[in-house]
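If you want the building blocks of each chain, they are given just below.
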Amino acid sequence: MRVSWRGRSILVGIMIAASVTLGSVAAWGSTRIGDLELQMWYSTRNTFHSAGGDNMNWVQWRNEIFGWLVYENIVKSGKAFGQYEIPLIKNATINARYRFRADPVWTLRDSYTKRYDNHERKSYLFPENGFRDLFADLDFGEV
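Residues numbered from 1 in each chain as written. Predicted model: local features only at pLDDT ≥ 70, side-chain atom pairs only at ≥ 80, totals over all residues. Heavy atoms only, no water.

Caption draft 1: Fine view of the packing of aromatic side chains. Scanning the model with the defined rule gives six aromatic pairs in all. With a centroid separation of 5.5 Å and an interplanar angle of 75 degrees, the aromatic rings of Tyr-116 and Tyr-124 are classed as edge-to-face. The exposure class assigned to Tyr-116 is partly exposed, which follows from its relative accessible area of 22%. Note on Tyr-124: relative accessible area 35%, which makes it partly exposed. When the ring centre of Trp-68 is taken as reference, the NZ or CZ atom of Arg-97 above it lies at 5.0 Å. (Phe/Tyr/Trp six-rings, centres within 6.5 Å; stacked < 30°, edge-to-face > 60°. Buried < 20%, exposed > 50% of the residue type's maximum accessible area, 1.4 Å probe, protein only. Lys NZ or Arg CZ within 6 Å of the ring centre and 35° of its normal.)

In structure tokens form, the structure reads like this:
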């Protein structure tokens, strides 16, 4: 079936409206308790693909949660937690960053369930789930 220019214009309008409405949503929050700070982000993005205007496919529904934990002054003035003497380190801050991504479109669309086996779909469903970084910022003072 061949789609007319009017039909294509309507399809493009629907795609633009869907992209604006469903395209990308993000939320961010942060909390701090003493020297401990936790920041978290959530975002979602939908992607659609059209093959020459004849059809439109939902190809991505990415959901991402990102967390960043910062513990400042874990070592301050040479003492860990204000009590234990730490040689050679004047100050230290610990950072941990974690990211979880999910794309449920891989389990919702029939064309993907027919094209890929269960293991492949699960890999695409959860492409990332783990720590991105775990590191310490160290101040060695007058070394």
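And the narrative resumes.
Caption draft 2: Local environment of unusual backbone geometry. If you check the backbone angles, Asn-73 has positive phi at about 55 degrees while not being a glycine. Along the chain, the position of Asn-73 falls in strand β3 (residues 56-76). Residue classification places Asn-73 among the partly exposed positions, given a relative accessible area of 29%. Here the phi dihedral of Phe-81 falls at roughly 55 degrees; this positive angle occurs in a residue that is not glycine. Structurally, Phe-81 is set in the loop between β4 (79-80) and β5 (84-85). What makes Phe-81 partly exposed here is its relative accessible area of 48%. (Helix = DSSP H or I, 4+ residues; strand = E, 2+ residues; numbered from the N terminus.)

Caption draft 3: Quick peek at the pattern of salt bridges. One pass over the full model with this rule turns up seven salt bridges. Here Arg-99 and Glu-64 are joined by a salt bridge, their closest N and O atoms 3.4 Å apart. With Arg-99 in strand β6 (residues 91-102) and Glu-64 in strand β3, this pair connects stretches of sequence that are 35 residues apart. In this pair, the class of Arg-99 matches that of Glu-64, namely buried. Where Glu-128 meets Arg-99, a salt bridge forms, and the shortest distance between an N and an O atom there is 2.7 Å. (Salt bridge = Lys/Arg side-chain N within 4 Å of Asp/Glu carboxyl O.)

Caption draft 4: Spotlight on the confidence of the model for the protein chain. Model confidence for the protein chain is summarised by a mean pLDDT of 83, while 83% of its residues fall at 70 or above. Confidence scores differ between elements of the protein chain, with helix α1 (residues 5-22) showing the lowest mean pLDDT of 59 and β6 the highest of 95. (pLDDT = per-residue confidence, 0-100.)

Caption draft 5: Spotlight on the nonpolar core. Core analysis: the largest hydrophobic core is formed by five residues, namely Ile-74, Val-75, Ala-80, Ile-89 and Ala-92. Apart from residues lying up to four places away in sequence, Ala-92 is in contact with Tyr-71, Glu-72, Asn-73, Ile-74, Val-75, Asp-137 and Leu-138. (Core = buried A, V, L, I, M, F, W, Y, C linked by side-chain atoms within 4.5 Å. Contact = heavy atoms within 4.5 Å.)

Caption draft 6: The arrangement of a nonpolar patch on the surface in detail. Taken together, the side chains of Leu-36, Leu-38, Met-40, Tyr-42, Ile-65 and Leu-69 make up a nonpolar region of the molecular surface, amounting to roughly 450 Å² of accessible area. Looking at the nonpolar patch, the elements that each hand over two or more residues are β2 (36-50) and β3. No other element matches the four residues that β2 contributes to the nonpolar patch. On the accessibility criterion, Ile-65 (33% relative accessible area) is partly exposed. (Patch = residues over 30% accessible without salt bridge, like charges linked within 9 Å, V, L, I, M, F, W, Y side chains within 5 Å. Areas by Shrake-Rupley, 256 points an atom, 1.4 Å probe, with all protein chains shown as cover.)

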